[in-house]
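Residue strings, one per chain:
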Amino acid sequence: MPPPRPQSSCLADFFSYETTKSVVVKSWVVGVVNRVVQLLILSYFIGWVFLHEKAYQVRDTVIESSVVTKVKGIGKYGNRVLDTADYVTPPQGTSVFVVVTKQILTENQEQGVCPESEATYRCASNRDCQGKGRTTGSGRCIPYNVTLRTCEIRGWCPPEVDTVDVPVMLEAENFTLFIKNSVRFPLFGFEKANLPPQVSAGELQRCRFHPEQQPLCPILRLGDVARFAGQDFASLAATGGVLGIKIGWVCDLDRAWELCLPRYSFTRLDSVTQHSPGSPGYNFRHARYYRGHNGTELRTLTKAFGIRFDVLVYGNAGKFGIVPTLINTVAAFTSIGVGTVLCDIILLNFLKGAEHYKARKFEEVPEASVPPASSSPSGCAPGALGDQSREKQSTDSGTFSLGL
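In short, a report on the structure. Keep in mind that what you see is a predicted model, and the values were worked out from it rather than measured.

**Quick look at the packing of helix α2 (residues 28-52) against helix α8 (residues 338-349)**
Working step 1: One way to put it is that α2 packs onto α8 with a least axis distance of 9 Å and a crossing angle of 155°. Overall, the two elements α2 and α8 adopt an arrangement that is roughly antiparallel. The handedness of the crossing between α2 and α8 is right-handed. Across the interface between the two elements, Val30, Val33, Asn34, Val37 and Ile41 from α2 touch Val338, Gly339, Thr340, Leu342, Cys343, Ile346 and Leu347 from α8.
Working step 2: Residues belonging to the contact of α2 with α8 are distributed by class as follows: nine nonpolar, three polar and no charged.

Below, the structure is given as structure tokens:
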């Protein structure tokens with residue numbers, strides 16, 4: 001009989017069927033590994049996924065927030081007494097504002113021509129002023145003082161000199177900041193504010209935030225904010241900087257409404273550039289315009305150094321949901337099967353007698369040839385008579401197999 005052709009063999013392999021065969025192995029090593037892996041997987045899902053991460057909840061990460069701020073305090077700067085309207089900008093009480101701690105004033109500026117004060121505009125002759133961006137068309141080199149000559153410019157005169165030493169308003173360390181924050185999670189229609197419940201107006205004015213003693217007080221001392229962010233207030237007030245006040249709302253809505261509480265944390269947001277030689281700290285310029293006696297437009301230019309506060313609100317809320325509970329429960333039971341894969345690898349590759357286990361686990365069964373119905377003496381189908389069939393019961397599943 002000629003051997004089967006390769007095409008027929010490939011076709012038969014393609015249409016073959018594989019079914020699971022259960023093999024019970026009496027091995028302490030494999031049994032212990034199997035149970036340990038199953039226990040670890042089950043502990044991971046129960047301890048981390050369900051209890052810690054609360055994967056059984058539907059989570060809302062879209063937080064709607066409103067922030068209103070108010071700074072209070074009186075400070076002395078030079079010969080003047082400053083209040084909130086003098087040193088806080090912008091004055092609307094938004095989530096981002098600046099407390100000005102140092103100012104360099106250039107008063108009575110008017111439009112005209114004058115010698116520039118910057119070192120890059122120093123000159124010895126008119127030739128040195130050619131091509132300068134702010135020089136007039138004449139490009140003249142004129143005396144700035146008795147010993148220095150600089151290029152002539154057209155603009156606001158006299159020009160600003162920002163290298164002078166000016167005092168710092170250190171009283172700002174004791175100023176207070178009141179933060180009123182309201183949040184809403186639209187998926188659940190949940191709303192909450194950071195104001196402590198059942199607290200009178202008098203008690204609210206007397207409290208001061210402390211992360212351990214009064215963690216819910218919405219009134220913060222500016223010096224404490226800098227200290228909680230790991231900064232020295234005096235040096236920060238001299239050069240300026242940006243501090244972040246973060247309010248976190250991470251709420252479990254399966255618990256009581258009162259247990260959804262804000263958490264405050266503090267950081268310096270410009271810490272990467274605070275040691276930059278080119279532009280350390282934080283400063284900005286603004287001007288106040290007015291008319292002189294002869295109707296000439298004048299202005300006072302202010303270069304302000306200060307501490308900028310950014311109030312950042314983040315958070316999410318979770319509540320029990322049947323869909324994520326079912327998904328993660330099915331994932332937990334499915335992952336337990338990983339132990340079977342690991343045990344098969346050990347059993348079939350690393351244990352003594354691996355070839356014996358392979359022979360027991362994998363078995364190739366050809367298609368059974370069934371004799372025609374006419375071959376039965378009684379004309380019944382094969383196996384229909386009790387004395388003509390064999391019956392065998394499986395010891396592990398309780399099912400019966402009938403064979404000829």
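**Remarks on α2**
Working step 1: Here α2 contains 25 residues, and its C-alpha end-to-end distance of 34 Å stays within 8% of the 36 Å for a straight helix at 1.5 Å per residue.
Working step 2: Here α2 has its buried residues at Val30, Asn34, Val37, Ile41, Phe45, Val49 and Phe50.
Working step 3: Contact partners of the buried residues in α2: α7 (322-335) and α8.
Working step 4: Backbone geometry just after α2 places Lys54 at a positive phi near 50°.

**Here we look at the side chain of Gln109**
Working step 1: Here Gln109 is to be found in strand β6 (residues 96-115).
Working step 2: A residue is classified by how much of its surface remains accessible, and Gln109, at 2% relative accessible area, is buried.
Working step 3: Here the side chain of Gln109 touches Pro158 through a polar contact of 2.8 Å, landing on its backbone oxygen.
Working step 4: In this structure the side chain of Gln109 is engaged in a polar contact, spanning 2.7 Å, whose partner is the side chain of Arg299.
Working step 5: Ignoring any residue separated from it by four or fewer positions in sequence, one finds Gln109 in contact with Trp156, Cys157, Pro158, Pro159, Glu160, Glu297, Leu298, Arg299 and Leu301.

**A few points about the packing of α2 against α7**
When two helices pack together, their arrangement is captured by the angle between the axes and the distance separating the axes.
Working step 1: Remark: α2 packs on α7, axes separated minimally by 9 Å, with the N-to-C direction vectors making an angle of 155°. If you check the angle between α2 and α7, you find them roughly antiparallel. Seen from above, α2 lies across α7 with right-handed handedness. On the side of α2, the interface is formed by Ile41, Phe45, Val49 and Phe50, while α7 contributes Asn328, Thr329, Ala331, Ala332 and Ser335.
Working step 2: Partitioning the contact of α2 with α7 into residue classes produces six nonpolar, three polar and no charged.

**Considerations on the state of the cysteines**
Working step 1: Counted by the stated rule, this structure contains five disulfides.
Working step 2: Two residues, Cys251 and Cys260, share a disulfide whose sulfurs are 1.8 Å apart. Taking the sign of the S-S torsion, about 50° here, the bridge from Cys251 to Cys260 comes out right-handed.
Working step 3: Here Cys251 falls in the buried class, since its relative accessible area comes to 3%.
Working step 4: Taking the relative accessible area as the measure of exposure, Cys260 reaches 3% and is therefore buried.
Working step 5: Going through the protein chain in sequence order and numbering each bonded cysteine, the pairs you get are 1-6, 2-4, 3-5, 7-8, 9-10.

**Let's talk about the side chain of Glu160**
Working step 1: As for its placement among the helices and strands, Glu160 is situated in the loop between β8 (149-157) and β9 (176-185).
Working step 2: For Glu160, a relative accessible area of 17% corresponds to the buried category.
Working step 3: At 3.0 Å, the side chain of Glu160 forms a polar contact with the side chain of Arg285.
Working step 4: If sequence neighbours within four positions are ignored, Glu160 has contacts with Thr106, Gln109, Ser117, Arg285, Leu301 and Lys303.

Quick notes on the rules
- Residues numbered from 1 in each chain as written.
- Predicted model: local features only at pLDDT ≥ 70, side-chain atom pairs only at ≥ 80, totals over all residues.
- Heavy atoms only, no water.
- Axes fitted to C-alpha atoms, helices over the stretch in contact; angles between N-to-C directions.
- Helix = DSSP H or I, 4+ residues; strand = E, 2+ residues; numbered from the N terminus.
- Parallel < 35°, antiparallel > 145°, perpendicular 65-115°, else oblique.
- Left-handed = near helix turned anticlockwise from the far one by under 90°.
- Contact = heavy atoms within 4.5 Å.
- Nonpolar A, V, L, I, M, F, W, Y, C, P; charged D, E, K, R; others polar.
- Expected span 1.5 Å × (residues − 1).
- Buried < 20%, exposed > 50% of the residue type's maximum accessible area, 1.4 Å probe, protein only.
- Polar contact = N/O pair within 3.5 Å; in protein donor to acceptor, adjacent residues only side chain to side chain.
- Disulfide = S-S within 2.5 Å.

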